Amino acid sequence: MNHEKNRPEQELDRHLADFGEWLRQRSRAENTVSVYTFAVGQFYGLYPQVNSDTLQLYKCFLLDHYKPRTVNQRIRALNCYMEYRKLPGRPVTMLKMQQKTYVENVISQADYEYLKQCLIRDGNYLYYFLIRFMAATGVRVSELVRIRTIDVENGHLDLYSKGNKSRRVYIPKSLRQDILRWMERENHPAGFLFLNQQGLPVTAAAIRGQMRRFSQIYGLDPAVLHPHSFRHRFAKNFIQVCGDISFLSDLLGHQSIETTRIYLHRSRAEQQIIVNQIVNW
């Protein structure tokens, strides 16, 4: 494997910026870009060159300091970096992790309805439609912030998700009509759909912050009030009503249908409720 000379700090910053741009060109989410460039920067902060020995040393360092999920995330970043640099050698092997058979920390349908009612009552139509959009389409928060008014007018949009896989997101008719009426009432400008008070697109970080705030003021469990929870809510509702797991996998943009099968299983909280309702002996 190639040996590389130690880089000055400014040169490394430029190099990481180029790597980040390469990732964006492959439709990687901004959070992924941030995580991957951080991992490469961390690697060069520990080792002056990329070779099979330093890659294995970095893996050992990760094992000593992080949980398995983070270890695999950083390894994935280095493997992607090797692809970017066209470096020879085999990818670093990731840790084998047991696949979860259920999904946790999903907002219940009752809490979802309650949250919508609270937001309508308080006149917070921005987050009412933002939350409803996630739960009705299954988009990721990184995709949500890129939704434009033209997409609502069209009733759908095409996205490139993980693995550069193209998928179409359908906006249900009832949601589309309600958003169009809201846009007309608010004299919403053309462009991005969800805007902050300064007229700029809302950010994923701002949405997460608002979720924490909603959990406090509305008395909801903060563990289930996060953006991805509404994507889970969409998936669980869809599979209960439709049952077509292949179609759901396409809608969510999963690379493998095996990832989608998790929604066929009940969470621990749901299992507990059913046991409490059934078992009386």
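Here the structure is a predicted model, which is why all the values come from computation and not from measurement. Position labels on residues start from 1 in each chain and follow its written sequence. Residues qualify for local features only when their pLDDT is at least 70, as the model is predicted, and side-chain atom pairs are given and counted only at 80 or more; totals for whole chains, interfaces and linings, by contrast, use all residues. Only hydrogens and water are removed before side-chain values are computed, so all heavy atoms of the structure are retained for them.

Asks: Looking at this structure, how should I read the packing of helix α5 (residues 109–121) against helix α6 (residues 125–137)?
Replies: As a packed pair, α5 and α6 sit with axes 8 Å apart at the nearest point and diverge in direction by 155°. Put simply, α5 runs roughly antiparallel to α6. Viewed along their axes, α5 and α6 form a crossing whose handedness is left-handed. Where α5 approaches α6, its residues Tyr112, Leu115, Lys116, Leu119 and Ile120 are matched on the opposing element by Tyr125, Tyr127, Tyr128, Ile131, Arg132 and Ala135. Only C-alpha atoms enter the line fits that serve as axes; for helices the fit covers just the stretch in contact. Angles between N-to-C directions range over 0 to 180 degrees. Helical segments are the DSSP runs of H or I of at least four residues, strand segments are the runs of E of at least two, and each set is numbered from the N terminus. For classification purposes, angles smaller than 35 degrees are called roughly parallel, those larger than 145 roughly antiparallel, those between 65 and 115 roughly perpendicular, and all remaining angles oblique. For any helix crossing, the convention is left-handed if the near helix is rotated counterclockwise from the far helix by under a right angle, and right-handed if that rotation is clockwise. We call two residues in contact whenever any of their non-hydrogen atoms come within 4.5 Å of each other.

Asks: Sorry if this is basic, but what is going on with the packing of aromatic side chains here?
Replies: Each aromatic ring pair is specified by the distance between its two centres and by the angle formed by the two planes. Pairing of aromatic side chains requires ring centres within 6.5 Å, counting the rings of Phe and Tyr and the six-membered ring of Trp. Pairs whose planes differ by under 30 degrees are stacked, by over 60 edge-to-face, and all others tilted. Tallying each qualifying case throughout the model produces 19 aromatic pairs. Centre to centre, the rings of Phe19 and Tyr81 are 5.4 Å apart; their planes meet at 85°, and the pair counts as edge-to-face. Separated by 62 residues along the polypeptide, Phe19 in helix α1 (residues 9–25) and Tyr81 in helix α4 (residues 68–85) bring together distant segments of the chain. Judged on exposure class, the residue Phe19 and its partner Tyr81 are both buried. Consider the rings of Tyr127 and Phe214, whose centres lie 5.5 Å apart with planes at 80°: the pair is edge-to-face. With Tyr127 in helix α6 and Phe214 in helix α10 (residues 204–217), the pair connects residues that are 87 residues apart, well separated along the chain. Like Phe214, Tyr127 is buried. Lysine NZ or arginine CZ positioned within 6 Å of the ring centre and within 35 degrees of the ring normal marks a charge as sitting over the ring. The residue whose ring lies beneath Arg74 is Tyr66, and the NZ or CZ to ring-centre distance is 4.7 Å. Cation over ring: Arg148 sits above Phe192, and NZ or CZ is 4.4 Å from the ring centre. Relative accessibility thresholds used throughout: buried, under 20% of the residue-type maximum; exposed, over 50%; partly exposed, between the two (1.4 Å probe, protein chains only).

Asks: Help me out: how do you make sense of the confidence of the model for the protein in this one?
Replies: Interpreting fine coordinate detail is not advised for predicted regions of low pLDDT. As a per-residue quantity, pLDDT reports the predictor's confidence and falls between 0 and 100. Across the protein, pLDDT averages 85, with 88% of residues at or above 70. This model gives residues 1–7 a pLDDT under 50, and the stretch forms 26 contacts once residues within four places in sequence are excluded.

Asks: Just checking my understanding: could you explain helix α9 (residues 173–185) for this structure?
Replies: For an α-helix, the turn length of 3.6 residues means that residues three or four places apart are oriented alike. What a helix is expected to span follows from its residue count: subtract one and scale by 1.5 Å. With 13 residues, α9 extends 18 Å from end C-alpha to end C-alpha; this agrees with the ideal 18 Å at 1.5 Å per step. Buried residues in α9 make contact with α6 and α8 (149–154). Once α9 finishes, Asn187 follows within two positions and takes phi at roughly 50°, a positive value.

Asks: Please explain the pattern of salt bridges as it appears in this structure.
Replies: Opposite charge on two side chains permits them to pair, given that their charged atoms come into close proximity. Salt bridges are defined by distance alone: a side-chain nitrogen of Lys or Arg within 4 Å of a carboxyl oxygen of Asp or Glu. A full pass over the atoms with the stated rule returns 9 salt bridges. Between Arg121 and Asp122 there is a salt bridge, with the nearest N and O atoms lying 3.0 Å from each other. A residue is classified by how much of its surface remains accessible, and Arg121, at 58% relative accessible area, is exposed. When the shortest N-O distance is used, the salt bridge between Glu143 and Arg167 registers 2.8 Å. Here the residue Glu143 occupies a position in helix α7 (residues 141–144), and Arg167 occupies one in strand β2 (residues 165–170), the gap between them amounting to 24 residues. Taking the relative accessible area as the measure of exposure, Glu143 reaches 3% and is therefore buried.

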